[in-house]
Every structure is written in structure tokens, then in C-alpha cells.
Amino acid sequence: MERTIKSFEVAAEATNPFIYTFKVGKEFGGETVDDIIEHDGVFKLFNRKDECITEINLPVVNVKYEYMEGY
């Protein structure tokens, strides 16, 4: 069973700490996030052309996965 990341939350610590959610389908930097990949604790956001939009290296609070049968 393969799992894919649908969203994740990070703790952002500016002057007022808050939780920010990155998720598939949501815009970031003017582009729609089509895929999220985690490697060695760094989350990478990709657009539909498989181009990396950005890398997120903040403390992760929660990750939501989608499980796919047959992979």
C-alpha cells in the first residue's frame, strides 16, 4: 500500500507563533501545489509540471496521508 502526503502543518515562529497548513490543491507562491514529498525531514512542494516550488524546513506538527491500494 502506497501513501502520499495530502497536507502537513508546521509551527511558524514569528513574533506571534502560529500553525500553517500546506496542502495539495492550495496555492503557495502563486502556484498550486500538486504534490508534496518529504526527504530527510525537508518537505518539498511541487507544481503540476513536477517543478519544485519551494522547500519547507520548519518544525512539523502534523502530517496527513492518503493511502492507495494496489501500489
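Structure: above.
Residues take numbers from 1 onward in each chain, read along the sequence in its written order. Per-residue local features are limited, in this predicted model, to residues with pLDDT of at least 70; the limit for side-chain atom pairs, both in listing and counting, is 80 or more; totals at the level of whole chains, interfaces and linings are taken over all residues. For the side-chain quantities, the full set of heavy atoms in the structure was used; hydrogens and water were omitted.

*Asks:* Talk me through the pairing of strand 6 (residues 42-46); I want residue IDs and the actual numbers.
*Replies:* Burial runs high along strand 6: four of the five residues are buried. A pair of strands counts as paired when DSSP detects no fewer than two bridges linking them. Working definition: helices are DSSP H or I runs of at least four residues, strands are E runs of at least two. Numbering for both runs from the N terminus. Pairing between strand 5 (residues 35-39) and strand 6: five bridges, direction antiparallel. Bridging across to strand 6, D35 finds its partner in F46. Following strand 5, the chain reverses through two residues before pairing antiparallel with strand 6; D40 in that reversal takes a positive phi of roughly 55°. Linking strand 6 back to strand 7 (residues 52-56) in an antiparallel pair, the connection comprises five residues, with D50 at a positive phi of about 65°. Any residue under 20% of the maximum accessible area for its type is buried, any over 50% is exposed, and the rest in between are partly exposed; the area is computed with a 1.4 Å probe on protein chains only.

*Asks:* Give me the lowdown on the nonpolar core, citing residues and values where you can.
*Replies:* Ranked by size, the top nonpolar core spans 10 residues in total: I5, F8, V10, F22, V33, I36, F43, L45, I53 and I56. At the level of elements, strand 1 (2-12), strand 6 and strand 7 are the ones that each hand at least two residues to this core. It is strand 1 that contributes the most residues to this core, three residues altogether. Each nonpolar core is a collection of buried residues, namely Ala, Val, Leu, Ile, Met, Phe, Trp, Tyr and Cys, held together in the definition by side-chain atoms within 4.5 Å.

*Asks:* Explain the packing of aromatic side chains residue by residue, including any values.
*Replies:* Each Phe, Tyr or Trp ring, with Trp reduced to its six-membered ring, pairs with another whose centre is within 6.5 Å; inter-plane angles below 30 degrees give stacked pairs, above 60 give edge-to-face pairs, and intermediate values give tilted ones. Scanning the entire structure with this criterion turns up five aromatic pairs. Measuring from centroid to centroid gives 4.7 Å for Y20 and F22, while their planes differ by 65°, and the two rings are edge-to-face. Residue Y20 is classed as partly exposed on the basis of its relative accessible area of 28%. An aromatic cluster is present here, built from F8, Y20, F22, F28 and F43 joined pairwise through their rings.

Nothing here speaks to function; it is geometry throughout.
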